[in-house]
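Below are the chains, spelled out letter by letter.
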2 protein chains.
Amino acid sequence: MEVIVPFSTDRPKSRLSAVLDPDERAAFARAMLRDVLAAVEGAGGDPRVLATGPVDADLGCPVAVDGRPLTDAVNAALDARLGGDGGEGNADGPEPVAVAMADLALATPEALRELFAAGREADIAIAPGRGGGTNAFVASRPEFRVDYHGASYLDHRRIAAEIGASVAVVDSHRLATDVDEPADLAELLIHAEADDAADGGRAARWLRDAGFALDAGNGRVGVERG
Amino acid sequence: MEVIVPFSTDRPKSRLSAVLDPDERAAFARAMLRDVLAAVEGAGGDPRVLATGPVDADLGCPVAVDGRPLTDAVNAALDARLGGDGGEGNADGPEPVAVAMADLALATPEALRELFAAGREADIAIAPGRGGGTNAFVASRPEFRVDYHGASYLDHRRIAAEIGASVAVVDSHRLATDVDEPADLAELLIHAEADDAADGGRAARWLRDAGFALDAGNGRVGVERG
């Protein structure tokens, strides 16, 4: 399955500015992107980066550049793949296509396989993000459109209902965790430590190399930078 | 499967004190508890509340009172069920027992069924919570002990490794979401709205009746109280 991975090269991860400077944010964002691409490949997917600008690195997969806002760029990409004239349709309709965010640093092949499988059964499969976002989805209906503003998970459920598309919701903590804010860094380090993922996990390694460690104080575990 | 649901009757949900007064927190905590008990029953489980004090309500299931801290109370309950003398052992070892927190207001029968199934295959099945907690688990090894301080998910993985127990990790956003902080209220309302759960969801209904609504401003969706 083709998996589009939108990636912002323009001020990525600005909500991490309290703990990372701009160069660090760019490097960390790229490490997360590489983790997502590896997880997609591990799940048997065929990743394609959809970047807002040129990416100065060999990511090991095709990179398309579209400088428009996320919603417009993803809708254009969906249209090119699922649309009536451009889609690779067959008797059963177009091949499903997936979209997965580049900051899903906890994504595993297993979680993505579940998403892909759900997207082969239902017209639309969605992995909601914490806070009402849409962290990943699979679509096979040309009429489906994304709208990433606000509570996009609710909007996408509504859009699917409006076009009469069946919906599967993928209940995954790993896919629900987009790494946006400092508290999300703890989530990444917790699961990297639990899984003892010495060989994978570029983003977790990047954080550790940058001096971040878990801080198990009161309540939920946070991070501290040494 | 027997499912122990620890419930604090003493200052429950203090981290919601910025948005709910003490009586409201008690009522909301009880609504969440009822949702968890219903989800456990829906999953075919046999819920038992383990409360820190008397519960002044008919919860429709047995309630045991143990005023000790959570870790001690749960370890005593595990010991009574899995221990060498008190456990209902058979040739295959003791029956597995589950522990699920009372604030898992997003829990569904489907998510809990997955946990129970994992706990029948592995010695220990854990559903980690966001922030490194242990929101629910199934154990069938008498040597397993809980320690809810700090990053308990990591501690429980370590304890399982120390006793040579096989571990299954259940990747569920619904089970990872314990409702502790104001931001978690949004999560509850988002999924209640998405699923249009008119008949279930006491906790979400309680929040709506108390005037809470989703606030889709910038970034992650929050709540506002009208």
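Residues numbered from 1 in each chain as written. Chains lettered and ligands numbered in written order. Predicted model: local features only at pLDDT ≥ 70, side-chain atom pairs only at ≥ 80, totals over all residues. Heavy atoms only, no water.

**Q** I'm lost on the overall build of chain A in this one. Help?
**A** Along its length, chain A carries seven helices and 11 strands. Relative to its length of 226 residues, chain A is compact, with a C-alpha radius of gyration of 17 Å against a globular reference of 17 Å. Across chain A, every contact between residues at least 6 apart in sequence was considered, and the portion connecting residues at least 24 apart equals 60%. When the accessible surface of chain A is totalled, it reaches about 9400 Å², and 45% of it is carbon and sulfur. (Helix = DSSP H or I, 4+ residues; strand = E, 2+ residues; numbered from the N terminus. Rg over C-alpha atoms; globule rule 2.2 N^0.38 Å. Contact = heavy atoms within 4.5 Å. Areas by Shrake-Rupley, 256 points an atom, 1.4 Å probe, with all protein chains shown as cover.)

**Q** Looking at this structure, I do not really get a negative patch on the surface. What am I missing?
**A** On the surface, a cluster of negative charge is made up of Glu-110 and Glu-114 of chain A together with Glu-110 and Glu-114 of chain B. Among the elements of the structure, α3 (109–121) of chain A together with α3 (109–121) of chain B are those that each provide at least two residues to the negative patch. Within the secondary structure, Glu-114 of chain B is located in helix α3. Assessed through its relative accessible area of 40%, Glu-114 of chain B is described here as partly exposed. (Patch = residues over 30% accessible without salt bridge, like charges linked within 9 Å, V, L, I, M, F, W, Y side chains within 5 Å. Salt bridge = Lys/Arg side-chain N within 4 Å of Asp/Glu carboxyl O. Lys, Arg positive; Asp, Glu negative; His and termini not counted. Charge placed at Lys NZ, Arg CZ, Asp CG, Glu CD. Buried < 20%, exposed > 50% of the residue type's maximum accessible area, 1.4 Å probe, protein only.)

**Q** Any chance you could explain the sheet that holds strand β3 (residues 63–65) of chain A here in plain terms?
**A** Within a beta sheet, neighbouring strands are joined by backbone hydrogen bonds and run either parallel or antiparallel to one another. All names here are of chain A. Pairing in this open sheet of seven strands is mixed, and the strands run β3-β2-β1-β6-β8-β7-β9 from one edge to the other. Edge positions in the sheet fall to β3 and β9 (167–169), since each of these pairs with one other strand and no more. Averaged over all pairs of adjacent strands, the angle between strand axes in this sheet comes to 20°, irrespective of strand direction. Two strands pair when backbone bridges link them, and strand β1 (residues 2–7) and strand β6 (residues 97–100) are joined in this way by three bridges, in the parallel orientation. Following the sheet pairing, Glu-2 is matched in β6 by Val-97. (Pairing = 2+ DSSP bridges. Axes fitted to C-alpha atoms, helices over the stretch in contact; angles between N-to-C directions.)

**Q** Any chance you could explain the interface of chain B and chain A here in plain terms?
**A** Accessible area lost upon the coming together of the parts is a frequently used measure of interface size. Residue-level contacts link 33 residues of chain B with 33 residues of chain A. Around 2800 Å² of area is buried between chain B and chain A when both sides are counted, 51% of it from carbon and sulfur atoms. Where chain B packs against chain A, one counts four salt bridges. Asp-184 of chain A is the salt-bridge partner of Arg-130 of chain B, the closest N and O atoms lying 3.3 Å from each other. Connecting chain B to chain A are 12 residue pairs in polar contact (both at pLDDT 80 or more). (Buried area = accessible area lost by both parts, 1.4 Å probe. Polar contact = N/O pair within 3.5 Å; in protein donor to acceptor, adjacent residues only side chain to side chain.)

**Q** How do you make sense of the relation of the copies chain B and chain A when you look at a structure like this?
**A** Put simply, the second copy of the chain is the first one after a rotation about an axis and a shift along it. Expressed as a screw transformation, the operator carrying chain B onto chain A has a rotation angle of 180° and an axial translation of 0.0 Å, and the superposed copies differ by an RMSD of 0.0 Å. Look at the turn and shift together and you get a two-fold axis relating the two. A share of 100% of the interface residues of chain B reappears at the interface of chain A, consistent with the copies meeting face to face through the same patch. (Least-squares fit on C-alpha atoms with pLDDT ≥ 70 in both.)

**Q** Teacher, can you tell me more about the packing of aromatic side chains here?
**A** For any two aromatic rings, the description comes down to two numbers: the centre-to-centre distance and the angle of the planes. Residue and element names in this part refer to chain B. Counted according to the given criterion, the structure contains four aromatic pairs over all chains. With 5.5 Å between their ring centres and 40° between their planes, Phe-28 and Trp-206 make a pair best called tilted. Here Phe-28 is found in helix α1 (residues 22–42), whereas its partner Trp-206 is found in helix α7 (residues 202–209), with 178 residues between them in sequence. (Phe/Tyr/Trp six-rings, centres within 6.5 Å; stacked < 30°, edge-to-face > 60°.)

**Q** Before we go on, may I ask you to explain helix α4 (residues 152–162) of chain A in this structure?
**A** An α-helix turns once per 3.6 residues; consequently, residues spaced three or four apart project the same way. In terms of burial, α4 of chain A is largely enclosed, as eight of its 11 residues are buried. Those residues of α4 of chain A not exposed but buried are Ser-152, Tyr-153, Leu-154, Asp-155, His-156, Arg-157, Ile-159 and Ala-160 of chain A. Among the structural elements, β7 (124–128), β8 (134–139) and β9 of chain A together with α6 (182–195) and β8 (212–215) of chain B are those in contact with the buried residues of α4 of chain A. Taken from the residues just after α4 of chain A, Gly-164 of chain A is the one with a positive phi, measuring 70°.

**Q** Would you mind showing me how to read the sheet that holds strand β2 (residues 46–51) of chain B here?
**A** All names here are of chain B. With respect to topology, seven strands assemble into an open sheet ordered β3-β2-β1-β4-β6-β5-β7, the strand pairing being mixed. Each of the sheet's edge strands pairs with one partner strand only, and the pair in question is β3 (63–65) and β7 (167–169). Across the sheet, the mean angle from the axis of one strand to that of its neighbour is 20°, orientation sign disregarded. Two strands pair when backbone bridges link them, and β2 and β3 are joined in this way by three bridges, in the parallel orientation.

**Q** What am I meant to see in the pairing of β6 of chain A here?
**A** Each regular strand displays side chains that alternate between the two surfaces of the sheet. Residues and elements named next belong to chain A. Neither face of β6 is exposed, since Val-97 and Val-99 on one face and Ala-98 and Ala-100 on the opposite face are all buried. Bridge count for β6 against β8 is four bridges, and the pairing is antiparallel. Residue Val-97 lies in a different strand from β8, and its bridge partner there is Ala-139.

**Q** Got a minute to help me understand the domain arrangement of chain A in this structure?
**A** Residue and element names in this part refer to chain A. Structurally, chain A comprises domain 1 (2–176) and domain 2 (182–225). The C-alpha-based centres of domain 1 and domain 2 are spaced at 24 Å. Contacts between the two partners involve 16 residues from domain 1, matched on the other side by 14 residues from domain 2. Buried surface at the junction of domain 1 and domain 2, summed over both partners, amounts to about 1300 Å²; 67% is from carbon and sulfur atoms. (Domains from an automatic or database assignment.)

**Q** How do you make sense of the pattern of salt bridges when you look at a structure like this?
**A** When their charged atoms lie close together, side chains carrying opposite charge are able to pair. All names here are of chain A. For the structure on display, the rule yields 34 salt bridges over all chains. Across the salt bridge formed by Asp-103 and Lys-13, the nearest N and O atoms sit 2.7 Å from each other. Remark: Lys-13 occurs in the loop between β1 and α1 (22–42) and Asp-103 occurs in the loop between β6 and α3; sequence separation between them is 90 residues. Among the residues examined, Lys-13 registers a relative accessible area of 15% and is labelled buried. With a closest N to O distance of 3.5 Å, Asp-180 and Arg-15 form a salt bridge. With Asp-180 in the loop between α5 (173–176) and α6 (182–195) and Arg-15 in the loop between β1 and α1, this residue pair connects regions lying 165 residues apart in the sequence.

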